[in-house]
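Below, each chain spelled out in residue letters.
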Amino acid sequence: MTGILPRLAGIMCLLFIVAGCTGADSTFGFGKRQNDQEATSNAEFPQLSDPGAPGTTPGTAQPAAGPVSARVYFAPVVGAPVELIQAMSRRLVTVGSANGVSLVAAGTPGMTHEIKGYFSAFTENGATTVIHVWDVVSPSGQRVHRIQGQESVPGATSDPWASVTPEAMEAIADKIMAQYVLWLRSAAQPAPQPPA
């Protein structure tokens, strides 16, 4: 019974987050205003001033086939501690650069997409699961794609985030970028023509 309650709480949190994601014009479904407590749980992503600067590091996720070119603003993330988001954001800069995706500031001319992220974590059976959901939003404010997934790490504490390592967040960054790049490539493919 004790393992069911944290799982239900995590699932309820995820459902709340996903329900709040339906409006692309709001900030993660929580509106534009944040109180001080909410603001401290959000983290800004660093911007890449020279898109060619960082090189590929061992283990960097690189989806196969064809280059892409995108300029992406990652909005402040909701639900994860700042220090873990910082580890993930550094990885996103590196893996993005290796795949033709530059991280830019909000409102940068030529920005391809804004990406909004939500996190939830819960413990069960001696492990911690991190659930992440990302909305890809066009410059006009329309949600055009969603990326979601989960990462499990060993360890269970009263604060699930205490078990999550920077390496786990880097693995999430690899998956996010790989899925985004694959989606960009598929969106760039011409639609199949019906047989004549």
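Use the structure listed above.
*Asks:* How do you make sense of the nonpolar core when you look at a structure like this?
*Replies:* Where a protein is soluble and globular, its nonpolar side chains tend to be buried together. Core analysis: the largest hydrophobic core is formed by 34 residues, its most contacted members being Met88, Phe119, Trp134, Trp161, Met169, Met177 and Tyr180. Only strand S1 (70-74), helix H3 (82-98), strand S2 (101-103), strand S3 (113-124), strand S4 (127-137), strand S5 (143-154) and helix H4 (166-188) provide two or more residues apiece to this core. Looking at this core element by element, the count peaks at 10 residues for H4. Leave out the neighbours within four places in its chain, and Trp161 touches Gly79, Ala80, Pro81, Leu84, Phe119, Ser120, Ala121, Val130 and Met169.

*Asks:* Even after reading the chapter, I still don't get the side chain of His132, so can you show me in this structure?
*Replies:* Mapped onto the elements, His132 comes out in strand S4. Of note is the side chain of His132, whose polar atom sits 3.1 Å from the side chain of Trp134. Filtering out sequence-adjacent residues up to four positions away, His132 remains in contact with Tyr118, Phe119, Ile147, Gln148, Gly149, Gln150, Ile172 and Ile176.

*Asks:* Even after reading the chapter, I still don't get the sheet that holds S1, so can you show me in this structure?
*Replies:* Remark on secondary structure: sheet strands pair via backbone hydrogen bonds, oriented parallel or antiparallel. Pairing within the open sheet is mixed, and its five strands lie in the order S2-S1-S3-S4-S5. The sheet is open, and its two edges are formed by S2 and S5, each paired on a single side. Sheet twist, expressed as the mean angle between neighbouring strand axes with direction ignored, is 30°. The pairing of S4 with S5 spans 11 bridges and is classified as antiparallel. Bridging from a neighbouring strand, Val137 pairs with Arg143 of S5. Contacting S1, S2, S3 and S4, H3 crosses the sheet at an angle of about 140° to S2. The strands touched by H4 are S1, S2, S3, S4 and S5; relative to S5, the strand with the most contacts, the crossing angle is about 150°.

*Asks:* Would you mind showing me how to read the packing of H3 against H4 here?
*Replies:* The description of two packed helices rests on the angle between their axes and on the distance between the axes. Relative orientation of the contacting elements H3 and H4 amounts to 40°, with a least axis distance of 8 Å. The pairing of H3 with H4 is recorded here as oblique in orientation. Here H3 runs over H4; the crossing is right-handed. Every residue of H4 that contacts H3 at Leu84, Ile85, Ala87, Met88, Arg91, Leu92, Val95 and Gly96 is listed here: Pro166, Met169, Glu170, Ile172, Ala173, Asp174, Ile176 and Met177. Split by residue class, the contact of H3 with H4 holds 12 nonpolar, one polar and three charged.

What counts and what doesn't
- Along each chain, numbering runs from 1 in the same order as the chain's sequence is written.
- Owing to the predicted nature of the model, reporting of local features is limited to residues with pLDDT of at least 70; listing and counting of side-chain atom pairs is limited to 80 or more, with chain, interface and lining totals taken over all residues.
- Where side-chain values are given, they derive from all heavy atoms of the structure, hydrogens and water being excluded.
- Only buried residues count toward a nonpolar core, which is a set of Ala, Val, Leu, Ile, Met, Phe, Trp, Tyr and Cys residues joined through side-chain atoms within 4.5 Å.
- For each residue, the accessible area found with a 1.4 Å probe, counting protein chains only, is set against the maximum for its type, and the residue is called buried under 20%, exposed over 50%, and partly exposed in between.
- Secondary structure elements follow DSSP: runs of H or I of four or more residues count as helices, runs of E of two or more count as strands, with numbering from the N terminus.
- Throughout, a residue-residue contact means that at least one pair of heavy atoms, one from each residue, lies within 4.5 Å.
- As used in this structure description, the phrase polar contact means that two N or O atoms lie within 3.5 Å; if the pair is within protein, one of them must be able to donate a hydrogen and the other to accept it, and residues adjacent in sequence are counted only when both atoms belong to side chains.
- If DSSP finds at least two bridges between two strands, the strands pair.
- Think of each axis as a best-fit line through the C-alpha atoms, taken over the contacting stretch in the case of a helix, with angles from 0 to 180 degrees between the N-to-C directions.
- By the definition adopted for this analysis, an angle is roughly parallel if under 35 degrees, roughly antiparallel if over 145, roughly perpendicular if from 65 to 115, and oblique otherwise.
- If you view the pair so one helix is near and one far, a crossing is left-handed when the near helix is turned anticlockwise from the far one by less than a right angle, and right-handed when it is turned clockwise.
- Amino acids outside the nonpolar list (Ala, Val, Leu, Ile, Met, Phe, Trp, Tyr, Cys, Pro) and the charged list (Asp, Glu, Lys, Arg) are all regarded as polar, and Gly is one of them.

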